[in-house]
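As a plain string of letters, each chain reads:
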Amino acid sequence: MEMTIISEQEKEKLRQSFLKKRNSMDTHEIKNYSRKICDRIIHSTLYQKSQKIFTFVSFGTEVDTTPLIIHALSNHKMVAVPKVFSKTRKMIFSRITDLNELGKGHFGILEPPSSLLREETSDEKTLFIVPGLIFDIEKYRIGYGGGYYDIYFKKNLSSAITIGVAYDFQVISKIPRESHDISLDWIVTEKRCI
Ligand SMILES: Nc1ncnc2c1ncn2[C@@H]1O[C@H](COP(=O)(O)OP(=O)(O)O)[C@@H](O)[C@H]1O
Ligand SMILES: [Mg+2]
């Protein structure tokens, strides 16, 4: 119990400091690094073999996933993006066929409107692109503190591959982890694949 409390506080400190660092990036840097990250993924065998791309839609200073979504849609891959239900703390992935289908949802994040939900489930042909504030080289992740991805992956255990995307400074040697935290398969930054 003691350890859990310490981890929560440590995570919160890290979140604040890394969010501040990320929010101080300029728009050219964000665009340039995001393009490099998306290109790395697009050129990977993992992506090329995947039929379903389950990806977040970026908000604020997050790695911009738009180039990846556009590439996947125009290459006839199925694309699904998160829809969050904050009251029940639930997240589902819903299929999109065009970026224009998205509208502003909770916190101003673009997501499919309730009238256009097409829930999809992941399988072994699915590649997940996961956001985060901090990652470590053992592929653990700290998100915004909602635990949405931990909850989702616990419920939807599948053979899907998970890739965390981040700017290189967001990857540190070790982050405090709690028993519910789920690790990813890969981390992709503008500089390296881990
Ligand atoms: N599988 C789960 N079932 C229920 N609650 C969970 C689960 N995973 C995480 N949580 C809850 O979500 C909250 C946030 O988790 P945390 O790992 O700190 O956030 P994040 O992963 O977004 O950084 C925690 O209070 C935790 O208890
Ligand atoms: Mg977590």
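Below is a short write-up of the structure. (Residues numbered from 1 in each chain as written. Chains lettered and ligands numbered in written order. Predicted model: local features only at pLDDT ≥ 70, side-chain atom pairs only at ≥ 80, totals over all residues.)

## Considerations on the site of ligand 1
The local shell around ligand 1 holds 13 residues, among which Gly-143, Gly-147, Asp-150, Lys-154 and His-180 are the closest. It is helix H5 (residues 148-155) that provides the largest number of residues to the shell around ligand 1, a total of three residues. (Near = placed C-beta within 6 Å. Helix = DSSP H or I, 4+ residues; strand = E, 2+ residues; numbered from the N terminus.)

## Here we look at the pairing of strand S1 (residues 52-55)
Residues Lys-52 and Phe-54 of S1 are buried on one face, and the alternating residues Ile-53 and Thr-55, pointing to the opposite face, are buried as well. With three bridges connecting them, S1 and strand S2 (residues 78-85) associate as parallel partners. Each residue of the ladder has a partner; that of Lys-52, found in S2, is Met-78. Handedness of the crossover joining S1 and S2 through helix H4 (residues 66-74) is recorded here as right-handed. Sheet topology note: the S1/strand S6 (residues 126-130) ladder contains four bridges and is parallel. Its bridge partner lying in S6, Thr-55 is registered against Ile-129. (Buried ≥ 20, exposed ≤ 12 C-beta atoms within 10 Å, placed from the backbone. Pairing = 2+ DSSP bridges. Right-handed = clockwise from strand over helix to strand, strands pointing away.)

## What to know about helix H2 (residues 27-42)
A rise of 1.5 Å per residue sets the reference length of H2, with its 16 residues, at 22 Å; its end C-alpha atoms lie 22 Å apart and thus fit the reference within 8%. If you check which residues of H2 are buried, you get Tyr-33, Ser-34, Ile-37, Cys-38 and Ile-41. Each buried residue of H2 sits inside an arc of 135° when the element is viewed along its axis, so together they form one side. Along H2, the residues that are exposed and aim more than 90 degrees away from the buried face are His-28 and Asn-32. Buried-residue contacts for H2 involve helix H3 (45-49), H4, strand S9 (161-165) and strand S11 (186-188). (Expected span 1.5 Å × (residues − 1). Arc of directions from axis to C-beta. Contact = placed C-beta atoms within 7 Å.)

## Digging into the packing of H2 against H4
The geometry of H2 relative to H4 is characterised by a closest axis approach of 8 Å and an angle of 35° between their N-to-C directions. Where H2 abuts H4, its residues Arg-35, Cys-38, Ile-41 and Ile-42 lie against Pro-67, Leu-68 and His-71. Across the contact of H2 with H4, the residue classes tally to five nonpolar, one polar and one charged. (Axes fitted to C-alpha atoms, helices over the stretch in contact; angles between N-to-C directions. Nonpolar A, V, L, I, M, F, W, Y, C, P; charged D, E, K, R; others polar.)

## Quick word on the sheet that holds strand S7 (residues 134-136)
Strand order in the open sheet formed by three strands is S8-S7-S10, with mixed pairing between adjacent strands. In this open sheet, the two strands that pair with only one neighbour each are strand S8 (141-142) and strand S10 (171-172). Looking at chain direction, S7 and S10 are connected through two bridges and run parallel. Within the sheet, the bridge partner assigned to Phe-135 lies in S10 and is Val-171.

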